Amino acid sequence: MNVVGACHEPPIEAWDNKNGYFRVTIARQHFYAHRLAYERARGPIPDGLVIDHLCRNRWCCNPDHLEAVTNEENILRGFSPPAQNARKARCPNNHENRDGVAARSAVLRVE
């Protein structure tokens with residue numbers, strides 16, 4: 001492993017699957033490098049959970065930076081528009097965001 005800061009990145013032989021995650025080939029089978037690292041350090045990934053990169057670096061394989069979480073939690077921890085909106089206190093129409101779910105605002109256009 002190449003160590004970059006506190007993150008561990010796979011060697012150049014690993015390849016990117018176009019989503020920014022590295023995969024490795026072992027005995028003609030393809031594996032995500034971060035999932036292998038997690039399973040080697042902590043055991044099998046529990047059913048229904050995905051691996052979240054706490055460091056937000058998709059190349060990182062440092063088990064200390066990886067956590068098994070639900071897909072919903074993983075998405076909400078990210079930087080996508082839905083995740084950013086879930087962190088807002090209010091929607092653009094000033095409605096309160098309750099429990100991480102913004103109230104949908106209907107805007108009536110009168111012409």
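**Focus on the overall build of the protein**
Next, step 1: If you tally the helices and strands in the protein, you get three helices and nine strands.
Next, step 2: When its helices and strands are written in sequence order, the protein yields β-β-β-β-β-α-β-β-α-α-β-β.
Next, step 3: Within the span of the protein, comprising 111 residues, buried residues form 29% of the whole.
Next, step 4: Expressed as a percentage of contacts within the protein between residues at least 6 apart in sequence, the contacts between residues at least 24 apart total 26%.
Next, step 5: Split by element, the accessible area of the protein, about 8,300 Å² in all, is 51% carbon and sulfur.

**Considerations on the pattern of salt bridges**
Next, step 1: Evaluated as defined, the whole model comprises five salt bridges.
Next, step 2: Among the ionic pairs, Arg56 bridges to Asp52, the shortest N-O distance being 2.9 Å.
Next, step 3: Owing to a relative accessible area of 0%, Asp52 belongs among the buried residues under this scheme.
Next, step 4: In this structure, Arg77 engages Glu73 in a salt bridge whose closest nitrogen and oxygen atoms are separated by 2.9 Å. Within this pair, Arg77 and its partner Glu73 are both found in helix α2 (residues 71–77), separated by four residues, close to a single helical turn.
Next, step 5: Classification of Glu73 as partly exposed rests on a relative accessible area of 33%.
Next, step 6: A single salt-bridge network, built from bridges that share partners, covers Asp52, Arg56, Glu67, Glu73 and Arg77.

**Here we look at the environment of Glu73**
Next, step 1: With 23 residues separating them along the chain, Glu73 and Val50 place their C-alpha atoms 9.3 Å apart.
Next, step 2: Looking at Glu73, its side chain comes within polar contact range of the side chain of Arg77, at 2.9 Å.

**Details of the nonpolar core**
Next, step 1: Among the nonpolar cores identified, the biggest contains nine residues, and these are Phe22, Ala33, Ala37, Tyr38, Ile45, Ile51, Cys61, Leu66 and Ala68.
Next, step 2: For this core, the leading source of residues is helix α1 (residues 33–42), giving three residues.

**A closer look at unusual backbone geometry**
Next, step 1: Positive phi is not limited to glycine here, since Ala27 has a value of about 50°.
Next, step 2: Summarising the element assignment, Ala27 is placed in the loop between β4 (22–26) and β5 (29–32).
Next, step 3: Positive phi values are uncommon outside glycine, yet Arg28 reaches one of about 65°.
Next, step 4: Tracing the chain through its elements places Arg28 in the loop between β4 and β5.

Calculation notes
- Residues numbered from 1 in each chain as written.
- Predicted model: local features only at pLDDT ≥ 70, side-chain atom pairs only at ≥ 80, totals over all residues.
- Heavy atoms only, no water.
- Helix = DSSP H or I, 4+ residues; strand = E, 2+ residues; numbered from the N terminus.
- Buried < 20%, exposed > 50% of the residue type's maximum accessible area, 1.4 Å probe, protein only.
- Contact = heavy atoms within 4.5 Å.
- Areas by Shrake-Rupley, 256 points an atom, 1.4 Å probe, with all protein chains shown as cover.
- Salt bridge = Lys/Arg side-chain N within 4 Å of Asp/Glu carboxyl O.
- Polar contact = N/O pair within 3.5 Å; in protein donor to acceptor, adjacent residues only side chain to side chain.
- Core = buried A, V, L, I, M, F, W, Y, C linked by side-chain atoms within 4.5 Å.

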